[in-house]
Amino acid sequence: MKIFHSINDFSSTKKTVITLGTFDGVHIGHKKILERVIQNTDNEKYESLVLTFFPHPRMVLQEDCEIKLLNTIDEKIELLEKIGLENLVIHPFDETFSRLTAEDFVKTILIDRFHIHKIIIGYDHRFGRNRTANIDDLISFGEQYGFEVEQISVQEINEISVSSTKIRTALLDGNMTLANDYLGYDYFLTGTVILGKQLGRTINFPTANLKILENYKLIPQNGVYIVKSYIENKIVYGMMNIGFNPTVDGQNHSIEIHYFDFDADLYDKKLQVSVLQRIRSEQKFASVTLLKEQLEKDKQIAISYLNDL
């Protein structure tokens, strides 16, 4: 997949079949549209292209917007690449771009830059300055400029009945089963292992402390989770605590992973942690000994869950 970090960077000798949107989560509803794009390339007569934006438009257009996203930009690239798309354009979204009229967008971007053959969009898509143009306007532009418009119907989308908002809500509720079903994959966190307080080592539960640089990444509800990672080309399972470590009066929010049957130096390494299931809420225990006893119980719950996979 070719990646372009601006609309102006894109060039191709072929006409394109495109779709556009934020695609946060690249969930099963998104995949229905993206796969339709690939199916319409007519055995490579046309090139598939996805236009997405970063930052998220709401971050730019809404004051004090605190929206948390399901994917970092690198995670989104990884997910889109797996689908088999040929071109991904990640355009910097700013106020100037937001003021582009619908006709200017169609003429200067879809026609002049992307050489569009066909656009495939959801039934509720709106575009142009103040999002005033709709599917009927797009069809009219298609007739005027000679490109096809395919609309994913409300019935098709409702068959899946999924949205990024529903997934965010599920994650903030700690409902990993629902979130992962909607996503079509296990929700994951990507970060770098940093040095922690090393308390876990003293109770035989050493942890990798994960630092996520992107502050817009949505972190699931505080609690203990069953997780997996690919480390040194093999799957390693474990459990993860998200929260403040109240038993030892922790002051900072942290993400700590204890891997089962694994012993290696992970400091400064980049890790991707898939979140499989939630075990319990974070709790404050009367002593470190009681905390250790609970961690032993958590581990048995996790192992039992993993044995049933």
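Below, the discussion takes up the nonpolar core. Soluble globular proteins: nonpolar side chains tend toward being buried together. Ranked by size, the top nonpolar core spans 47 residues in total, and within it M240, Y259 and L271 carry the most contacts. Among the elements that line this core, the one with the most residues is helix α3 (residues 73-83), at five residues. Ignoring sequence-local partners within four residues, the contact set of L271 consists of L189, T190, G191, V193, A208, L210, I231, Y259 and L266. Within the second largest apolar cluster, 26 residues are counted, among which are F4, I18, V106 and I116.

Next up on the list: the pattern of salt bridges. Pairing of side chains with opposite charge becomes possible as their charged atoms draw close. Under the criterion given, the structure shown has nine salt bridges. For R99, the salt bridge is made with E95, and the minimal N-O distance between the two is 3.8 Å. According to the relative accessible area criterion, E95 is partly exposed, its value standing at 46%. With a closest N to O distance of 2.8 Å, D298 and R280 form a salt bridge. Remark: R280 occurs in strand β12 (residues 270-280) and D298 occurs in helix α11 (residues 288-307); sequence separation between them is 18 residues.

Let us now look at the sheet that holds strand β3 (residues 47-54). Taken together, the six strands give an open sheet; going across it, the order is β1-β4-β3-β2-β5-β6, and neighbouring strands pair in parallel fashion. If you trace the sheet from one side to the other, it starts and ends with β1 (2-4) and β6 (148-152), each paired once. Put simply, the sheet's adjacent strands are angled 20° from each other on average, direction ignored. One ladder, built from five bridges, connects strand β2 (residues 16-20) with β3; its direction is parallel. Bridge pairing in β3 places I18 opposite L49.

So, on to the confidence of the model for the protein. Considering every residue of the protein, the mean pLDDT works out to 91; 97% of them sit at 70 or more. Element-level mean pLDDT values for the protein span from 64 in helix α7 (residues 154-160) up to 98 in β12.

Parameters and conventions
Residues numbered from 1 in each chain as written. Predicted model: local features only at pLDDT ≥ 70, side-chain atom pairs only at ≥ 80, totals over all residues. Heavy atoms only, no water. Core = buried A, V, L, I, M, F, W, Y, C linked by side-chain atoms within 4.5 Å. Buried < 20%, exposed > 50% of the residue type's maximum accessible area, 1.4 Å probe, protein only. Helix = DSSP H or I, 4+ residues; strand = E, 2+ residues; numbered from the N terminus. Contact = heavy atoms within 4.5 Å. Salt bridge = Lys/Arg side-chain N within 4 Å of Asp/Glu carboxyl O. Pairing = 2+ DSSP bridges. Axes fitted to C-alpha atoms, helices over the stretch in contact; angles between N-to-C directions. pLDDT = per-residue confidence, 0-100.

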